[in-house]
Amino acid sequence: MVARVAVLSDALPEVRSLELNPVVVAERGAVALAARVTLAHADRADNTRRLQRT
């Protein structure tokens, strides 16, 4: 789940905060039962390079 959040953060620079609560962890993995996302203007300096990657 941490790796997926990292990919989300990299792919969507508009995400300012992400709250996952509660998270249920079991032998087969983890699942977030609720999520809250705060968005803001993306102010990254590398936006042009990122657009060329896709």
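Anything mentioned here points back to the structure above.
Okay, so let's go over this structure. The numbering scheme is per chain: residues are counted from 1 as the chain's sequence reads. pLDDT decides what is reported in this predicted model: residues at 70 or higher carry local features, side-chain atom pairs at 80 or more are listed and counted, and totals for whole chains, interfaces and linings draw on all residues regardless. Only hydrogens and water are removed before side-chain values are computed, so all heavy atoms of the structure are retained for them.

Turning to the overall build of the protein, a few remarks are in order. Helices and strands together make up the secondary structure of the protein, namely 2 helices and 4 strands. Helix and strand assignments come from DSSP, with helices taken as H or I runs of at least 4 residues and strands as E runs of at least 2, each series counted from the N terminus. If you list the helices and strands of the protein from N to C, you get α-β-β-β-β-α. A 1.4 Å probe rolled over the protein chains alone gives each residue an accessible area, and that area as a share of the maximum for its type sets the label: buried under 20%, exposed over 50%, partly exposed in between. By the burial criterion, 7% of the 54 residues in the protein qualify as buried. Any two residues whose heavy atoms approach within 4.5 Å at even a single point are treated as in contact. Restricting the contact set of the protein to residue pairs at least 6 apart, pairs at least 24 apart contribute 37%.

Let us now look at unusual backbone geometry. Of note, the bond from Asn21 into Pro22 is cis; its omega dihedral lies within 30 degrees of zero at -5°. As for its placement among the helices and strands, Pro22 is situated in the loop between strand 1 (15-20) and strand 2 (23-26).

Tracing the backbone through its elements, the reader meets Arg16 in strand 1. Sequence spacing of Arg16 and His41 is 25 residues, and the spatial spacing of their C-alpha atoms is 8.9 Å. Sequence-distant contacts of Arg16, defined by excluding residues within four places in its chain, comprise Thr38, Leu39, Ala40, His41, Ala42 and Asp43. Within the local environment of Arg16, its side chain forms a polar contact with the backbone oxygen of His41, the two atoms lying 2.6 Å apart. Any pair of nitrogen or oxygen atoms within 3.5 Å is treated as a polar contact; in protein, a donor-acceptor pairing is required on top of that, and neighbouring residues in sequence qualify only through side-chain atoms on both sides.

Next up on the list: a nonpolar patch on the surface. Any residue with relative accessible area above 30% and no salt bridge may belong to a patch, with like charges joined within 9 Å and the nonpolar Val, Leu, Ile, Met, Phe, Trp and Tyr side chains within 5 Å. Residue burial considers only the protein chains on display, and all accessible areas are found by Shrake-Rupley using a 1.4 Å probe. We define a salt bridge as a contact between a side-chain nitrogen of Lys or Arg and a carboxyl oxygen of Asp or Glu at a distance within 4 Å. On the surface, a cluster of nonpolar side chains totalling about 400 Å² of accessible area is made up of Leu8, Leu12, Leu18, Val37 and Leu39. Positionally, Leu18 belongs in strand 1.

The partly exposed category is assigned to Pro22, whose relative accessible area is 40%. In sequence terms Pro22 and Ala35 are 13 residues apart; their C-alpha atoms lie 8.4 Å from each other.

Turning to the pairing of strand 2, a few remarks are in order. Two elements, strand 2 and strand 3 (residues 29-32), share 4 bridges in a ladder whose sense is antiparallel. Bridge pairing in strand 3 places Ala26 opposite Gly29. Between strand 2 and strand 3, which pair antiparallel and follow one another directly, the connecting turn spans 2 residues. Strands were regarded as paired on the criterion that DSSP finds at least two bridges between them.

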